[in-house]
Amino acid sequence: MSLRVLVVDDEENIRLLYKEELTEEGYDVVLAESGYEALDIVKEQGVDLVVLDIKMPKIDGIETLRLLKDESRDLPVILCSAYGQYKQDFCTWASDAYIVKTADLTELKATIKNIIKEKNI
Amino acid sequence: MSEFDVLAQVVEITHSKEAIQSKIDKVINYLKDKLDLNGIHLLLFKEDENMFLINYSSNNELVNQHKWIPPDDPALFDAVTAKRNVFIDDLRPGADFDSELIDHASGCNAMFALPICNSDSFIGVMLGEKHGELTKLDEKLLSLISIEITGMIYNESNTIKLKEKIHELSTSFSISKLFIKNDKLDDLCNKMVEHISTLLYSNTVMLELFAQGTGTTVQKYVFNKDKVYDLDGALIQGIIDETKRRCRPTYIKDASTDARCSGSDPDFRSALFAPVEYNSDVIGIIALFDKEANLFVTKKHFSEDDFNILISMTNQLANFVENLLMTKERESIIKEKEDKASELKILYDVSKAMMTTMKLDDLLQKILTAVTISGGLGFNRAGLFLINHRMNTLQGMLCIGPDTGEEADAIWTELKKEEKTLLQWITPDLSSGSRKRSQFDEKVKSIRIPLDEEENAMIRAIDQKKAVMVTNGSYLSNKAISLDSTSYAVVPLISKDKVIGVIVVDNSITKQPITSDDLSFLTLFSNQAGLAIENSTLYSNLKKTLSELKDTHSKLLHSEKLAALGEMAAGVAHEIKNPLMAIGGFARRLDKRFAEDSPDKTYINIIIKEVSRLEKILNEILNFSKEERENNFALNDINKIINETLIMFDNEMLENNITTETNLNYDLPMVLCNYQQVKQAVINLVNNSCQAMPRSGKLSVTTRKSLVRNKDSVVIEISDTGGGVNNEVLHNIFNPFFTTKDGGTGLGLAITHRFIANHSGSIEVDNKPGLGVTFIINLPVKMDEEE
């Protein structure tokens, strides 16, 4: 059974890109366009890993991250952002990883694999 | 001729308008003839001598002999003692009646002695002798004639007394007029001695004036009619000294018998000495010597009346001197007041003019113009020196004054033509470059005197904070530029009890001495000038600071603009980055679908490559903004950061009734840190404390120096009385999203921890559950390079 990865991003094209790329990697990819939708999916369906964008309307990735951790402290979350400046902070004490968004998804794919391996999911 | 005719003839003579001497002579001779008398005489009584003098006689020889007869002469005896008419018919020579007035040899056998007197006074006796008998009718006739002569003499005496009184009054009036008309002591004294001599028939009058306080003679006024006395001799000077010492008049009625003159052989017969008293001090003595006899009165001694008149004169003189001195004092006070008013006017004008400028050069020019202009302080030349603390020297700033006498004449003549007030001279802007600079000015400007130089009047004035007057010395210590003035004054310029420089003045052209009044006024003026200079300097500093502030503000604006630009760039980059990611991502997906040799793959690769290049550019832009924000390390004052933070919470703490106690060590070293991060860390801690004390409490902030792992550190302690943290959750407090507060984000302490860690520092918690919590931040002063 393939691992269930939730991709949270407000941009449809990005969600599509993630879905295609990660599906191709063999993951069961679920999409959410906001933090609240992501929380619902996590609560209702359960996921193995979340790829979370930071800059989003309504509630941003940071707030969503806090809510997700409240819901499930052990749920691995990879933060993705166009900004690199939060990387140091969030890898240390908030998310499991922090990836600067780029068209080349090699780093993301490798990070997912590492976390799965580390956490033995 | 009947007795009646004789009497009628005598009455006619006595009432004629002739002089009394002539009338008496005529009566005597007429009686001798008509009554067939052997001789007839009129003896007048001289009080001073207590003798009778034969003033008139039918025998001229007796008058010419100036014959004195004692009152106890047998011929006069009853007439004098009993004041009654004496007629003797049986005159016989013998021891019981031996009078030289009676010529026994001529064989006279009758005589008469008739007193010339009234109930109050005794004038004299009319005496006569006759051959043969004096009839009862003769006796009656002679008695009536003696009454007529008595009346005549009394009338004459009264007339003389009246004339004397008139003389006394008119002379007194003249003296009084002297006091009113004269305002010069010399004139008054000269006239006074003359008038007193006239008034009291004194041969000599001397007025000696003494200096107040010392008592030494300052002036002597003498009026001499006839005889000259030894006024400076020991006798007179001794009496004067005694009168002065006792401060009471001395009356020597008869020097020949007076004990004070015994053994001195006085050259005067009678004298009066009266002190002139002012403010319990004897300021003079009036001395009178010898009274002159008048026509009728032969007294040569001063009387009690004379004495009283003299006392009254001295009192008037004392009053006059008092008035004169008071007038002089009043005049001097008025002058002093006028001088002060004029000084105040000058000071007012100068301060008004000084207020018109804040430019130091202009101000100095105004100050020295006021010191040298004739309507101002009027010195010939003036220089101004200010202390240069950086160089530790006294530095010449400006000098005003002519170089030579000729130049001075030319300038002063020119200035006189322009009739301007002081204010008009110094009000206009004087700092224009058109002024002619004197050599003196150039010399002064080149002067630098070390503040520790000894033997320099200017440095002495600075050290002693008071004016220094130099009457014989070189103007300046530097001989190479010494000027020709040998007399000058230096006053310090003082502002707020601090000497900031000196003003040097001289009168090298006019050679007029600098008085202590000049110096006092200059000192007063220099205090005002000192304040004005200080104000001008402060104003200039303020202007400089303001300009720096403007500069900083403009730089800040610039940097804020840059920051805003950075923010904007970051925002734009983000917006571009997402679509770019989609383009790049899908291009990569397409790329996988084309065969390696497909020509379309080349195009796809171009898209992938260009997107990568754009992403790289965007990342550089975003990274730059990040560096700008995060790597901004500089030396910062931790106390300043804390004070700024506390100010931010003022209102909140007031509302929550929180008191603050700060114990900041202001000797802390500057810490190399990111200002924003440290400030944010402190803000977060203070914010937590305030939230822990919603109703009331106490916030304490302490800073101190510390040594951690052999490195200088600064410790910040922030304590509250908010009840502390439950020990069970204490280990979570620095975790992100951990919060015990409703609505808290749980990021405050996490961010604080992160920021302190960025500085290689540490943060510890001293938790007292139920009481409060203390956060202890330790920041190394300098981070290790590898860190």
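Residues numbered from 1 in each chain as written. Chains lettered and ligands numbered in written order. Predicted model: local features only at pLDDT ≥ 70, side-chain atom pairs only at ≥ 80, totals over all residues. Heavy atoms only, no water.

Participant: Give me the lowdown on the overall build of chain B, citing residues and values where you can.
Facilitator: A tally of helices and strands in chain B yields 19 helices and 24 strands. Buried residues in chain B amount to 43% of all 787 residues. When contacts within chain B are restricted to residue pairs at least 6 apart in sequence, long-range pairs at least 24 apart make up 63% of them. With the model as given, the accessible surface of chain B reaches about 42,500 Å², and the carbon-plus-sulfur share is 52%. (Helix = DSSP H or I, 4+ residues; strand = E, 2+ residues; numbered from the N terminus. Buried < 20%, exposed > 50% of the residue type's maximum accessible area, 1.4 Å probe, protein only. Contact = heavy atoms within 4.5 Å. Areas by Shrake-Rupley, 256 points an atom, 1.4 Å probe, with all protein chains shown as cover.)

Participant: I'd like a rundown of the packing of aromatic side chains, residues and numbers included.
Facilitator: Here the distance between the centres and the angle between the planes together describe a pair of aromatic rings. Residues and elements named next belong to chain B. This model, assessed by the stated rule, comprises seven aromatic pairs over all chains. Measuring from ring centre to ring centre gives 5.4 Å for Tyr251 and Phe307, while their planes differ by 25 degrees; the resulting arrangement is stacked. Taken as a pair, Tyr251 in strand 9 (residues 250–252) and Phe307 in helix 8 (residues 304–354) lie far apart in primary sequence, 56 residues in all. Just as Tyr251 is buried, Phe307 falls in that class too. Between Phe268 and Phe289 the ring centres are 5.5 Å apart and the planes differ by 65 degrees, which places this aromatic pair in the edge-to-face class. Linking Phe268 in the loop between strand 9 and strand 10 (271–278) with Phe289 in strand 11 (residues 281–291), this pair joins segments that are 21 residues apart in sequence. Residue class for Phe289 comes out buried when judged on its relative accessible area of 0%. Ring pairs connect the aromatic residues Tyr229, Phe268, Phe273 and Phe289, which therefore count as one cluster. Note that Lys244 overlies the ring of Phe210, its terminal NZ or CZ placed 3.8 Å from the centroid. (Phe/Tyr/Trp six-rings, centres within 6.5 Å; stacked < 30°, edge-to-face > 60°. Lys NZ or Arg CZ within 6 Å of the ring centre and 35° of its normal.)

Participant: Break down the sheet that holds strand 16 (residues 488–495) of chain B for me, with residues and values.
Facilitator: Within a beta sheet, neighbouring strands are joined by backbone hydrogen bonds and run either parallel or antiparallel to one another. Residue and element names in this part refer to chain B. Spatially, 14-13-12-17-16-15 is the arrangement adopted by the six strands of the open sheet, whose pairing is antiparallel. Two strands in the sheet have a free side with no partner beyond their single neighbour: strand 14 (448–450) and strand 15 (468–470). Within the sheet, the average angular offset between the axes of one strand and its neighbour, ignoring direction, is 25 degrees. For strand 16 and strand 17 (residues 498–506), the ladder comprises eight bridges, and the chain directions are antiparallel. Looking at strand 17, one finds that Ser495 is bridged to Lys498. (Pairing = 2+ DSSP bridges. Axes fitted to C-alpha atoms, helices over the stretch in contact; angles between N-to-C directions.)

Participant: So what's going on with the packing of helix 1 (residues 3–14) of chain B against helix 2 (residues 20–34) of chain B? Which residues, and what values?
Facilitator: Residue and element names in this part refer to chain B. The contact between helix 1 and helix 2 brings their axes to 9 Å, and the two run at 165 degrees. Taken as axis vectors, helix 1 and helix 2 run roughly antiparallel relative to one another. Between helix 1 and helix 2 lies a crossing whose hand is right-handed. Of the residues in helix 2, those in contact with Asp5, Val6, Gln9, Val10, Ile13 and Thr14 of helix 1 are Lys23, Lys26, Val27, Tyr30, Leu31 and Lys34. (Parallel < 35°, antiparallel > 145°, perpendicular 65-115°, else oblique. Left-handed = near helix turned anticlockwise from the far one by under 90°.)

Participant: Break down the side chain of Arg381 of chain B for me, with residues and values.
Facilitator: All names here are of chain B. For Arg381, the location among the structural elements is in strand 12 (residues 381–388). Residue Arg381 is classed as buried on the basis of its relative accessible area, which comes to 2%. Of the polar contacts made by the side chain of Arg381, one reaches the side chain of Asp506; its length is 3.0 Å. (Polar contact = N/O pair within 3.5 Å; in protein donor to acceptor, adjacent residues only side chain to side chain.)

Participant: Help me get a handle on helix 19 (residues 748–758) of chain B, residues and values and all.
Facilitator: Listed in full, the buried residues belonging to helix 19 of chain B are Leu749, Ala750, Thr752, Arg754, Phe755 and Ile756 of chain B. Two residues or fewer after helix 19 of chain B comes Ser760 of chain B, characterised by a positive phi angle close to 60 degrees.

Participant: Please set out a negative patch on the surface residue by residue, giving values where relevant.
Facilitator: Residue and element names in this part refer to chain A. There is a patch of like negative charges on the surface, built from Glu12, Glu33, Glu37, Asp40 and Glu44. For the negative patch, the element with the highest residue contribution is helix 2 (residues 35–44), accounting for three residues. With respect to the helices and strands, Glu33 occurs in the loop between strand 2 (28–32) and helix 2. Taking relative accessible area as the criterion, Glu33 reaches 46% and is therefore assigned partly exposed. (Patch = residues over 30% accessible without salt bridge, like charges linked within 9 Å, V, L, I, M, F, W, Y side chains within 5 Å. Salt bridge = Lys/Arg side-chain N within 4 Å of Asp/Glu carboxyl O. Lys, Arg positive; Asp, Glu negative; His and termini not counted. Charge placed at Lys NZ, Arg CZ, Asp CG, Glu CD.)

Participant: Before we move on, could you go through the pattern of salt bridges and cite the residues and values that matter?
Facilitator: Counting across every chain of the model gives 38 salt bridges over all chains. The salt bridge partner of Glu24 of chain A is Arg589 of chain B, with a shortest N-O separation of 3.0 Å. Separated into two different chains, Glu24 of chain A in helix 1 (residues 12–24) and Arg589 of chain B in helix 14 (residues 516–593) make up a pair that spans both. The class for Glu24 of chain A is partly exposed, based on a relative accessible area of 44%. Between Asp78 of chain B and Arg84 of chain B there is a salt bridge, with the nearest N and O atoms lying 2.7 Å from each other. Looking at Asp78 of chain B, the relative accessible area reads 28%, which means it is partly exposed. Three or more residues are tied together by salt bridges with common partners; here these are Glu20, Glu21, Glu24, Glu25, Lys109 and Lys113 of chain A together with Arg589 and Lys592 of chain B.

Participant: Now, about a nonpolar patch on the surface: what can you tell me, with residues and values included?
Facilitator: Taken together, the side chains of Met568, Val572 and Ile576 of chain B make up a nonpolar region of the molecular surface, amounting to roughly 270 Å² of accessible area. By the element assignment, Ile576 of chain B lies in helix 14.

Participant: Explain the sheet that holds strand 5 (residues 97–100) of chain A residue by residue, including any values.
Facilitator: Residue and element names in this part refer to chain A. With respect to topology, five strands assemble into an open sheet ordered 2-1-3-4-5, the strand pairing being parallel. Every interior strand has two partners, whereas the edge strands, strand 2 and strand 5, have only one. Strand-to-strand twist of the sheet, defined as the mean angle between neighbouring strand axes without regard to direction, takes the value 20 degrees. Across the sheet, helix 1 is in contact with strand 1 (4–8), strand 2, strand 3 (49–53) and strand 4 (77–81); its angle to strand 2 comes to roughly 170 degrees.

Participant: Account for unusual backbone geometry, naming residues and giving values.
Facilitator: All names here are of chain B. A positive phi is found at Asp290, a non-glycine position, where the angle reads about 60 degrees. In this structure, Asp290 sits in strand 11. Positive phi outside glycine occurs at Asp497, with the angle close to 65 degrees. Tracing the chain through its elements places Asp497 in the loop between strand 16 and strand 17. According to the relative accessible area criterion, Asp497 is exposed, its value standing at 59%.

Participant: So what about helix 13 (residues 457–464) of chain B? Which residues, and what values?
Facilitator: What sets the pattern is the α-helix's 3.6 residues per turn: residues three or four places apart point alike. Residue and element names in this part refer to chain B. For helix 13, every residue scored as buried is listed here: Ala457, Met458, Ile459, Ala461 and Ile462. Along its buried surface, helix 13 packs onto strand 12, strand 13 (393–400), strand 14, strand 15, strand 16 and strand 17. At the N-terminal end of helix 13, a side-chain oxygen is found 2.7 Å from the backbone nitrogen of Met458, two or three residues along, and the residue is Asn456. Looking one or two residues past helix 13, Lys465 carries a phi angle of roughly 55 degrees, positive in sign.

Structural measurements only, silent on function.
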